Amino acid sequence: NGYTMPEFQIHGDNIVECERTFSLILEALPPINKSLRGPEGNPTCPRFMFYFGKPQEEYHFTFLPGYGSRRWNQDILDHIRNRGGKLREATDAIITRVDNNCETPILALEYCGALPAGNQAWQRCGRAYSYAHSKVPFVYVAEIGGFELAADRSRKAPRLPNPAVPFSYVLLSRTITPAFPAFVRSPGADQAVLEYYEQVFCESDLVELIRCCLLSKSLADVQKSLEKKVLLLVKLLSSLKRRRNTLTPTEW
């Protein structure tokens, strides 16, 4: 009947990024009756299979750690550039769907465990801009609530992005292609910080975004939810500013 099983590939900067992405996929598409099989095949590019959905379909995922044609006789980054990507830099992971030997990028992910402040906060914006121009949805998974540490490892102060950083993602997503930061809880956050940012954490939205991309569903609802949380974060960040060197929450 011409039916083909859903076939995906996870291109990653390294095997760790592939595994991290696959763990999020398993949250988005939980295997039915513990049907997960793998790793199988070549240990340098392992393959995993599981059943999901009603009626059940067998999903296949292959890891391709390390970018570049010298390793895999293909380079997904060339495909990104041919679609309009502006930068040569690679993101941490790219999920692609394979149909009839044709590979299509469906989501790019960037992970960051560093404190999202200063240049660190701006660094990933170029990648978001590049993938947006290539029409590939992009998500920047950033921890929030962590503290800068002194030499003796005691906490000095929280480190947070300028409000303009998350706001820039909203404008990019509205004008080109969805490209959002998904702020998650930092392991170093204390209870007061977790309560203050409770309404902006995006773990569930991140999983839903991945689910929609894998199942070819509309991103409209999850984009609206992410935008609402990002704009709330912009308000919270601007309200913390002691000096009025940026816009007020109302102006944002």
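Cut-offs applied
- Residues numbered from 1 in each chain as written.
- Predicted model: local features only at pLDDT ≥ 70, side-chain atom pairs only at ≥ 80, totals over all residues.
- Heavy atoms only, no water.
- Helix = DSSP H or I, 4+ residues; strand = E, 2+ residues; numbered from the N terminus.
- Contact = heavy atoms within 4.5 Å.
- Buried < 20%, exposed > 50% of the residue type's maximum accessible area, 1.4 Å probe, protein only.
- Pairing = 2+ DSSP bridges.
- Phe/Tyr/Trp six-rings, centres within 6.5 Å; stacked < 30°, edge-to-face > 60°.
- Salt bridge = Lys/Arg side-chain N within 4 Å of Asp/Glu carboxyl O.

1. Brief notes about the overall build of the protein
A count of helices and strands for the protein gives nine helices and 10 strands. Restricting the contact set of the protein to residue pairs at least 6 apart, pairs at least 24 apart contribute 63%.

2. Some words on the pairing of strand β5 (residues 93-99)
Burial analysis of β5 places five of its seven residues in the buried class, the great majority of the element. With five bridges joining them, strand β1 (residues 7-12) and β5 adopt antiparallel strand pairing. Residue pairing across strands places Q9 opposite T96, the latter belonging to β5. The pairing of β5 with strand β6 (residues 102-112) spans seven bridges and is classified as antiparallel. Paired with I94 across the bridge in β6 is A108. Taking the residues that link successive antiparallel strands as the turn, the β5-β6 hairpin has two residues, and the phi of N100 there is positive, at about 50°.

3. Notes on the packing of aromatic side chains
The full count for this structure, using the stated rule, is 14 aromatic pairs. Look at F8 and F61: their rings are 5.0 Å apart centre to centre, the planes differ by 15°, and that puts the pair in the stacked class. A residue pair is termed long-range when its members are at least 10 positions apart, and F8 in strand β1 and F61 in strand β4 (residues 57-65) qualify at 53 residues. A residue is classified by how much of its surface remains accessible, and F8, at 0% relative accessible area, is buried. The exposure class assigned to F61 is buried, which follows from its relative accessible area of 0%. When the centroid spacing of 6.4 Å and the interplanar angle of 50° are considered together, the rings of F22 and F50 count as tilted. With F22 in helix α1 (residues 15-28) and F50 in strand β3 (residues 47-52), this residue pair connects regions lying 28 residues apart in the sequence. For F22, a relative accessible area of 5% puts it in the buried group. Accessibility expressed as a relative area gives 0% for F50, which makes it buried.

4. Looking at the environment of P163
With respect to the helices and strands, the residue P163 is situated in the loop between β9 (155-158) and α6 (164-175). On the accessibility criterion, P163 (0% relative accessible area) is buried. For the pair P163 and T246, spaced 83 residues apart in sequence, the C-alpha to C-alpha distance is 8.3 Å.

5. Concerning the pairing of strand β2 (residues 37-40)
Looking at chain direction, β2 and β3 are connected through two bridges and run antiparallel. Each bridged residue has a counterpart across the sheet, and for E40 the counterpart in β3 is R47. Count of turn residues in the β2/β3 antiparallel hairpin: six residues, of which G41 carries a positive phi of about 80°.

6. Points about the pattern of salt bridges
Inspection of the entire model under this criterion finds 10 salt bridges. Where R47 meets E7, a salt bridge forms, and the shortest distance between an N and an O atom there is 2.9 Å. Highlighted residues: R47 in strand β3 and E7 in strand β1, separated in sequence by 40 residues. In this structure, E203 engages R185 in a salt bridge whose closest nitrogen and oxygen atoms are separated by 2.7 Å. Of this pair, E203 sits in helix α8 (residues 203-214) while R185 sits in strand β10 (residues 179-185); the two residues are 18 residues apart in sequence, bridging distant segments of the chain. Under the relative-accessibility criterion, E203 is labelled partly exposed at 28%. Residue class for R185 comes out partly exposed when judged on its relative accessible area of 34%.

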